[in-house]
Amino acid sequence: MTRTPVNVTVTGAAGQIGYALLFRIASGHLLGADVPVKLRLLEIPQGLKAAEGTAMELDDCAFPLLRGIDISDDPNVAFDGANVALLVGARPRTKGMERGDLLEANGGIFKPQGAAINAHAADDIKVLVVGNPANTNALIAQAAAPDVPAERFTAMTRLDHNRAVSQLAQKTGTPVSEIRKLTIWGNHSATQYPDIFHAEVAGKNAAEAVGDQAWLADTFIPTVAKRGAAIIEARGASSAASAANAAIDHVHTWVNGTAAGDWTSMGIPSDGSYGVPEGLISSFPVTTKDGKYEIVQGLEINDFSRERIDASVRELSEEREAVRGLGLL
Ligand SMILES: NC(=O)C1=CN([C@@H]2O[C@H](COP(=O)(O)OP(=O)(O)OC[C@H]3O[C@@H](n4cnc5c(N)ncnc54)[C@H](O)[C@@H]3O)[C@@H](O)[C@H]2O)C=CC1
Ligand SMILES: O=C([O-])CC(=O)C(=O)O
């Protein structure tokens, strides 16, 4: 039986993440090797021509799973019937900026997009916000979509998660495939907290395997938290291929499930777990199954972790107040 194609809307399709992302969606990495997709690309008018060029290249790949590409500068058209929405389109930061500096510039994009999702997306819509500041942009979009279940709005911290896995693998001389149960808590910002106290390296507790508290506090956490800025410094542009890869991982895991004995990190609306105020879109350890996620419960949080989780969550509360003040919530 031929499956009905899944409509995947990508905003900022002509940008650098878009260019790294669309080809992988079309080749089956987002949803699975047997799932046909239709791409709906949203750009601003100045980006339409470049989006058309990318669409020509997508055609030229003759991807068997790609069943159509529509391009629009109207969110009401681009989100019509969307099953998955990747909100990438936003202004990236440049050297010397923090992601929070983008709140005002990018906040205005996510309110109308949330409203268009509310009015036109399919009932099973799943939204991933990549555009920074991702957590608070997701909150803005969610607030503008009162008819969509709040838990369908998520923000990307999978890039941070993958960065942390890679750093830990290198430190312990272990393949990435042997690292499990790592957690990113809080905001996708310099205050995020990559937590290895419950992580495992080849089945052993990661903090014990590392056995080096100074490395954890002075090297690992800042390296992961400031990796975005280090990439901007080195490349002269923000992370693109690794961000696209993380977006693919986030949605693939959400739809297809986490492996037994492992979890992942997603920015999701808090239900109050671990003392994170309800409603903030904060990163948590989650397991996924049948297209739904659940926060991993019952983890013991030591003082070192508590202090860092609280600091990042405080920043999220401040961002929420700031966008309230701008009339975006
Ligand atoms: N959450 C995360 O881990 C990461 C987030 N990012 C963020 O992703 C965003 C995109 O980054 P890049 O692709 O490098 O930027 P880019 O500047 O190359 O592309 C952005 C694209 O979005 C388009 N755009 C702007 N406003 C739009 C709107 N209202 N509707 C549709 N399209 C619109 C622009 O025309 C442009 O083509 C930035 O906010 C960046 O900070 C980047 C890396 C990681
Ligand atoms: O740092 C940035 O602005 C882009 C980003 O979010 C990341 O690479 O984590």
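Residues numbered from 1 in each chain as written. Chains lettered and ligands numbered in written order. Predicted model: local features only at pLDDT ≥ 70, side-chain atom pairs only at ≥ 80, totals over all residues. Heavy atoms only, no water.

The name an unreviewed UniProt entry assigns to the protein chain is Malate dehydrogenase, from the organism Streptomyces kasugaensis. Turning to the protein chain, the UniProt annotation filed under Sequence similarities (unreviewed entry) states: "Belongs to the LDH/MDH superfamily. MDH type 2 family." (UniProt positions renumbered as here; feature names shortened; annotations may be inferred.)

Further remarks concern the packing of helix 6 (residues 158–172) against helix 8 (residues 213–225). The interhelical angle for the contact between helix 6 and helix 8, taken along N-to-C directions, is 140 degrees, at an axis separation of 9 Å. If you check the angle between helix 6 and helix 8, you find them oblique. Crossing of helix 6 against helix 8: the hand is right-handed. For the pair helix 6 and helix 8, contact is made by Asp160, Arg163, Ala164, Gln167, Leu168 and Lys171 and by Trp215, Phe220, Thr223 and Val224, respectively. In terms of residue class, the contact of helix 6 with helix 8 is made up of 5 nonpolar, 2 polar and 3 charged. (Axes fitted to C-alpha atoms, helices over the stretch in contact; angles between N-to-C directions. Helix = DSSP H or I, 4+ residues; strand = E, 2+ residues; numbered from the N terminus. Parallel < 35°, antiparallel > 145°, perpendicular 65-115°, else oblique. Left-handed = near helix turned anticlockwise from the far one by under 90°. Contact = heavy atoms within 4.5 Å. Nonpolar A, V, L, I, M, F, W, Y, C, P; charged D, E, K, R; others polar.)

As a further point, take the site of ligand 1. Around ligand 1 sit 24 residues, and of these Gln16, Ile17, Glu43, Val130 and Asn132 come closest. Residue isoleucine 17 places a main-chain N or O atom 3.0 Å away from an oxygen atom belonging to ligand 1. Those elements giving two or more residues to the shell around ligand 1 turn out to be helix 1 (16–26) and helix 4 (103–120). For the shell around ligand 1, a count of residues per class yields 12 nonpolar, 10 polar and 2 charged. Formed jointly, the shell around ligand 1 draws a minimum of three residues from each of two domains, domain 1 (6–155) and domain 2 (157–321). (Near = heavy atom within 4 Å. Polar contact = N/O pair within 3.5 Å; in protein donor to acceptor, adjacent residues only side chain to side chain. Domains from an automatic or database assignment.)

We now examine the UniProt feature "binding site: NAD(+)" (unreviewed entry) in the protein chain. The positions that UniProt labels "binding site: NAD(+)" (unreviewed entry) are, in the present scheme, Gly12, Ala13, Ala14, Gly15, Gln16, Ile17, Gly18, Asn106, Gln113, Val130, Gly131 and Asn132. Along the polypeptide, alanine 14 turns up in the loop between strand 1 (6–11) and helix 1. Here asparagine 106 lies in helix 4. In this structure, asparagine 106 is in contact with Ala90, Arg91, Asn132 and Asn137, ignoring residues within four places of it in sequence. Side-chain polar atoms of asparagine 106 contact the backbone nitrogen of arginine 91, separated by 2.9 Å.

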